[in-house]
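The lines below spell out each chain.
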Amino acid sequence: MADWLEGNEAVEKLKQIAASGKLETGLQFRNANCTGQLFKGLMLAECHFENVKFDSVDLEDSKFIDCEMTTLSFNSANLKNATFFKTSINRCFAI
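The present account deals with the structure reproduced in this document. All values derive from a computational prediction rather than experimental measurement.

## Focus on unusual backbone geometry
The phi angle at asparagine 31 is positive, at roughly 50 degrees, despite the residue not being glycine. Considering the arrangement of structural elements, one finds asparagine 31 in strand S3 (residues 28-33). A positive phi is found at aspartate 66, a non-glycine position, where the angle reads about 55 degrees. Assignment of secondary structure puts aspartate 66 in the loop between strand S6 (63-65) and strand S7 (68-73). Judged by relative accessible area, which is 37%, aspartate 66 ranks as partly exposed.

Spelled out as structure tokens, the structure:
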């Protein structure tokens, strides 16, 4: 597993992955505020998320496969057609 990507470094990596349209695996993201970002079509597998804000983020058509998510928020996020397959979700919320 890769080292943790944190803060702005995590946000920039997620932007890059979403723009590429390719599946990325084995990444770890924590302590990042992604509020308002456009991550439409983001595809991640075997990734870890800890303390990440996806508030008001566009995650339409995104796919999360075999990921672990702890302490995340999806307030007002666009989750249309987003898929969470074999993904552990703990202490996450969406309003």
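After that view, the rundown keeps rolling.
## Quick look at the sheet that holds S6
Here we have four strands laid out as an open sheet, ordered S2-S4-S6-S8, and parallel in their pairing. Either end of the sheet is taken by a strand with one partner, and the two such strands are strand S2 (24-25) and strand S8 (83-85). The pairing of strand S4 (residues 43-45) with S6 spans three bridges and is classified as parallel. Following the sheet pairing, methionine 43 is matched in S6 by lysine 63.

## A word on the packing of aromatic side chains
This model, assessed by the stated rule, comprises seven aromatic pairs. Each ring, one from phenylalanine 49 and one from phenylalanine 54, has its centre 5.9 Å from the other, and the planes form 65 degrees; the classification is edge-to-face. For phenylalanine 49, a relative accessible area of 1% puts it in the buried group. Residue classification places phenylalanine 54 among the buried positions, given a relative accessible area of 0%. Here phenylalanine 64 and phenylalanine 84 contribute two aromatic rings whose centre-to-centre distance is 5.0 Å and whose plane-to-plane angle is 10 degrees, an arrangement assigned as stacked. With phenylalanine 64 in strand S6 and phenylalanine 84 in strand S8, this residue pair connects regions lying 20 residues apart in the sequence. The class of phenylalanine 64 is buried, set by a relative accessible area of 0%. Under the relative-accessibility criterion, phenylalanine 84 is labelled partly exposed at 30%. Aromatic rings pair up to connect Phe29, Phe39, Phe49, Phe54, Phe64, Phe74 and Phe84 into one cluster.

## Brief notes about the side chain of serine 62
In this fold, serine 62 is placed in the loop between strand S5 (48-53) and S6. Residue serine 62 is classed as buried on the basis of its relative accessible area of 0%. Look past the residues within four positions of serine 62 in its chain and what remains in contact with it is Phe39, Lys40, Gly41, Leu42, Asn81, Ala82 and Thr83.

Rules and cut-offs
Residues numbered from 1 in each chain as written. Predicted model: local features only at pLDDT ≥ 70, side-chain atom pairs only at ≥ 80, totals over all residues. Heavy atoms only, no water. Helix = DSSP H or I, 4+ residues; strand = E, 2+ residues; numbered from the N terminus. Buried < 20%, exposed > 50% of the residue type's maximum accessible area, 1.4 Å probe, protein only. Pairing = 2+ DSSP bridges. Phe/Tyr/Trp six-rings, centres within 6.5 Å; stacked < 30°, edge-to-face > 60°. Contact = heavy atoms within 4.5 Å.

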